[in-house]
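Secondary and tertiary structure notes
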Amino acid sequence: MAGSASTRFLVLLKEFSAFRKISWTSAATNYHRQSRFLCHVAKENGSLTLESLELGNKPGKYGKSKAIKLEGSFATEMGQDKVRAVKNDKMKVVKEKKPAEMVSPLFSAKSFEELGLPDSLLDSLEREGFSVPTDVQSAAVPAIIKGHDAVIQSYTGSGKTLAYLLPILSEIGPLAGKSRSSHSESDKRTDIQAMIVAPSRELGMQIVREVEKLLGPDHRRMVQQLVGGANRMRQEEGLKKNKPAIVVGTPGRIAEISKGGKLHTHGCRFLVLDEVDELLSFNFREDIHRILEHVGRRSGAGPKGDDERANRQTILVSATVPFSVIRAAKSWSHEPVLVQANKVTPLDTVQPSAPIMSLTPTTSEADGQIQSTIQSLPPALKHYYCISKHQHKVDALRRCVHALDAQSVIAFMNHSKQLKDVVYKLEARGMSAAELHGDLGKLGRSTVLKKFKNGEIKVLVTNELSARGLDVAECDLVVNLELPTDAVHYAHRAGRTGRLGRKGTVVTVCEESQVFIVKKMEKQLGLPFLYCEFVDGELVVTDEDKAIIR
Ligand SMILES: Nc1ncnc2c1ncn2[C@@H]1O[C@H](COP(=O)(O)OP(=O)(O)OP(=O)(O)O)[C@@H](O)[C@H]1O
């Protein structure tokens, strides 16, 4: 049994790796065709609230008119007053009109009550200030509660974490609905009932915090983190002593503890792979294989397909879902569905020739991958690029931050050893900055993140580690100081800003010889990257020809 599943897994991984190497030659240009709901924001510089998005709840027990005040605000939204457009070399300045509209397709359901969640969970949501489900949550929660295996695809910052956490918490643990038939049985269980796997420690810890928030102070111990870089003995003690219902971890640490016989997951009812396309990459191959083999499979389970799969619900999640993930889901899951904002489709009907994210017919898996990437970007993001010599890039970053009056900036580079140098240079010019990368200790990383989130640090200089999952609501600017490896990586980096319907700006600083790569990504993503310069403390947009000729 293990042998056949193992072969299937390796074949899928091989296909997946090959797929990732496909060079996308054709451009998809239908980004703007995605259906978007425009919401008028009454007061241009007012705080961003669900009310301001005309999304306030109807009064009701769980939908009182208390609007959630999102922490970012239009007051800090940059780039509007300070962006100028220039059409020719004479620098004819045209002030870009401050848009009164906010694109926010995120909230179409009225309240969480509609989704069939138990009262205790609704209470938690209300306590934490969540009153309206996002579109992907509205689609995912009922589908998962019905028992479907699911692939959840929705763009960065659209609330995918709660989209899978809510149905899980409605079935297991202290907030589960008492009326559910399985509940009394699940109360008696001491086995782990849900496992959530994430590719990085930061993302893993972020998910743990989200679960803890919902569980509340009395039940925090029902979730145990199993992330690498933290004390393993303490994690094993936590498992033994607290008998958590949910574990959240990174593949390596989970596999390590599992091999040591300290993790009992055969009775596990839910397995979530968050950032699944990353988890399927070569780096995680063996550990993910082990997890798929063991989680939710009781020793008595039959040797064949359906019997093997029946004991757990498998939920695969990412903003970027290439067809290789769909294929993997079909193989591992039982009648899985694809969940997108307000849309649930049986996975069997999804074909490589009909890209999962698009209404526009295209003809190949590569096109499907492009569509997937396009759909991963929040619609309100603005994309710019500027040209700088290598040695002046940090200066370009600094001028960009000033020009946009950005408050919270993530600057991406490709190698961790260069980060420190950028931090020194920024600090020397009076701009608070810190580096974040995998070689920092656990304490170092969490301290830096905390300071960045509370505004003590303005610029977080980091590498690919932070490109996926990192959720800092206040981040209003992402700067690529070095080019990402491809459009998928661009999309995940870009998605650190513009979260949950907020506006955000992405500026890519490249050398002259790299402009063609930026142009290629622009084409692949099907959205405009405007060429800009920083002049007299303002971001100035010029026409493209100038960018190429100069
Ligand atoms: N219904 C909601 N109302 C208000 N805030 C929400 C809601 N759902 C999620 N959020 C908040 O929105 C932020 C983004 O959510 P989340 O991190 O789950 O997005 P994501 O789609 O997983 O993004 P990524 O693809 O980058 O990982 C989080 O801070 C989360 O707490």
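Residues numbered from 1 in each chain as written. Predicted model: local features only at pLDDT ≥ 70, side-chain atom pairs only at ≥ 80, totals over all residues. Heavy atoms only, no water.

As recorded in an unreviewed UniProt entry, the protein chain goes by the name RNA helicase, listed as coming from Cardamine amara subsp. amara. The record in UniProt for the protein chain states the following under Catalytic activity (unreviewed entry): "ATP + H2O = ADP + phosphate + H(+)". (UniProt positions renumbered as here; feature names shortened; annotations may be inferred.)

One finds Leu-117, Ile-152, Tyr-164, Leu-166 and Ile-246 to be the most contacted residues of the largest nonpolar core, which totals 42 residues. Beyond its immediate chain neighbours, meaning those up to four positions away, Ile-246 contacts Leu-169, Ile-172, Ala-194, Ile-196, Val-211, Met-222, Val-223 and Gln-224. (Core = buried A, V, L, I, M, F, W, Y, C linked by side-chain atoms within 4.5 Å. Buried < 20%, exposed > 50% of the residue type's maximum accessible area, 1.4 Å probe, protein only. Contact = heavy atoms within 4.5 Å.)

Taken together, 23 residues lie around the ligand, and Val-132, Lys-160, Thr-161, Asp-471 and Arg-499 are the ones closest in. Measuring from an oxygen atom of the ligand, one finds a side-chain N or O atom of Glu-210 at 3.1 Å. Considering the ligand on its own, with 640 Å² of exposed area, one finds that the protein chains cover 93% of that surface. If one sorts the elements of the shell around the ligand by residue count, helix H4 (residues 160–171) sits on top with three residues. Looking at the shell around the ligand residue by residue, the class counts come to nine nonpolar, eight polar and six charged. (Near = heavy atom within 4 Å. Polar contact = N/O pair within 3.5 Å; in protein donor to acceptor, adjacent residues only side chain to side chain. Areas by Shrake-Rupley, 256 points an atom, 1.4 Å probe, with all protein chains shown as cover. Helix = DSSP H or I, 4+ residues; strand = E, 2+ residues; numbered from the N terminus. Nonpolar A, V, L, I, M, F, W, Y, C, P; charged D, E, K, R; others polar.)

Taken as a whole and judged by the stated rule, the model has 21 salt bridges. Across the pair Arg-269 and Glu-171 runs a salt bridge whose closest N-O atoms are separated by 3.2 Å. One end of the pair, Arg-269, is in the loop between helix H8 (251–259) and strand E11 (270–274); the other, Glu-171, is in helix H4, with 98 residues separating them in the sequence. Taken as a pair, Arg-269 and Glu-171 share a single burial class, namely buried. In this structure, Glu-511 engages Lys-393 in a salt bridge whose closest nitrogen and oxygen atoms are separated by 4.0 Å. A residue pair is termed long-range when its members are at least 10 positions apart, and Glu-511 in the loop between strand E20 (504–510) and helix H18 (515–525) and Lys-393 in helix H14 (residues 393–404) qualify at 118 residues. The partly exposed category is assigned to Glu-511, whose relative accessible area is 24%. Three or more residues are tied together by salt bridges with common partners; here these are Arg-232, Glu-236, Arg-253, Glu-256 and Lys-262. (Salt bridge = Lys/Arg side-chain N within 4 Å of Asp/Glu carboxyl O.)

A few words now on the UniProt feature "domain: DEAD-box RNA helicase Q" (unreviewed entry) in the protein chain. When the UniProt feature table is mapped onto this chain, "domain: DEAD-box RNA helicase Q" (unreviewed entry) is found at residues 110–138. In residues 110–138, the share of helix is 45% and the share of strand is 0%. The end C-alpha atoms are 9 Å apart.

The next subject is the sheet that holds strand E10 (residues 246–249). Where strands meet in a sheet, backbone hydrogen bonds hold them as pairs that are either parallel or antiparallel. Here we have eight strands laid out as an open sheet, ordered E9-E10-E8-E11-E12-E7-E13-E14, and mixed in their pairing. The sheet is open, and its two edges are formed by strand E9 (223–226) and strand E14 (343–346), each paired on a single side. This sheet shows a mean twist of 15° between the axes of neighbouring strands, independent of strand direction. Relative to strand E12 (residues 313–318), E11 is paired through five bridges, and the arrangement is parallel. Paired with Leu-273 across the bridge in E12 is Leu-316. Against the sheet, helix H6 (residues 201–215) touches strand E8 (194–197), E9, E10 and E11, its axis set at about 175° to E9. (Pairing = 2+ DSSP bridges. Axes fitted to C-alpha atoms, helices over the stretch in contact; angles between N-to-C directions.)

Below, the discussion takes up the packing of H8 against helix H10 (residues 285–294). Running from amino to carboxyl end, H8 crosses H10 at an angle of 55°, the nearest separation of the two axes being 9 Å. By the criterion of interaxial angle, the relationship of H8 to H10 is oblique. Both H8 and H10 take part in a crossing whose hand is left-handed. Residues Pro-251, Gly-252, Ile-254, Ala-255, Ser-258 and Lys-259 of H8 form the contact with H10, whose participating residues are Asp-287, Ile-288, Arg-290 and Ile-291. Among the residues forming the contact of H8 with H10, the class breakdown is five nonpolar, two polar and three charged. (Parallel < 35°, antiparallel > 145°, perpendicular 65-115°, else oblique. Left-handed = near helix turned anticlockwise from the far one by under 90°.)

The next thing to look at is the pairing of E10. Here is the key point about a regular strand: its side chains alternate between the two faces of the sheet. Taking every second residue as pointing to the same face, both faces of E10 are buried, with Ile-246 and Val-248 on one and Val-247 and Gly-249 on the other. As paired strands, E8 and E10 are joined by four bridges and run parallel to one another. Looking across to E10, one finds that Met-195 is bridged to Val-247. In this sheet, E10 lies alongside E9 in parallel orientation, the contact comprising four bridges.

Take H6 next. With 15 residues, H6 extends 21 Å from end C-alpha to end C-alpha; this agrees with the ideal 21 Å at 1.5 Å per step. The buried count for H6 comes to eleven of 15 residues, which makes it a mostly enclosed element. Among the residues of H6, those classed as buried are Glu-202, Leu-203, Gly-204, Gln-206, Ile-207, Val-208, Glu-210, Val-211, Glu-212, Leu-214 and Leu-215. Where H6 ends, the next residue or the one after it, Gly-216, has phi of about 85°, a positive value. (Expected span 1.5 Å × (residues − 1).)

Looking now at unusual backbone geometry. Among all residues save glycine, negative phi is the norm, and among peptide bonds the norm is trans. Backbone geometry at Glu-275 places phi at a positive 60°, although glycine is not the residue there. By secondary structure assignment, the location of Glu-275 is in the loop between E11 and helix H9 (276–279). Of note in the backbone geometry, Leu-500 takes a positive phi value of approximately 50° without being a glycine. Looking at where Leu-500 falls in the secondary structure, it is placed in the loop between helix H17 (487–494) and E20.

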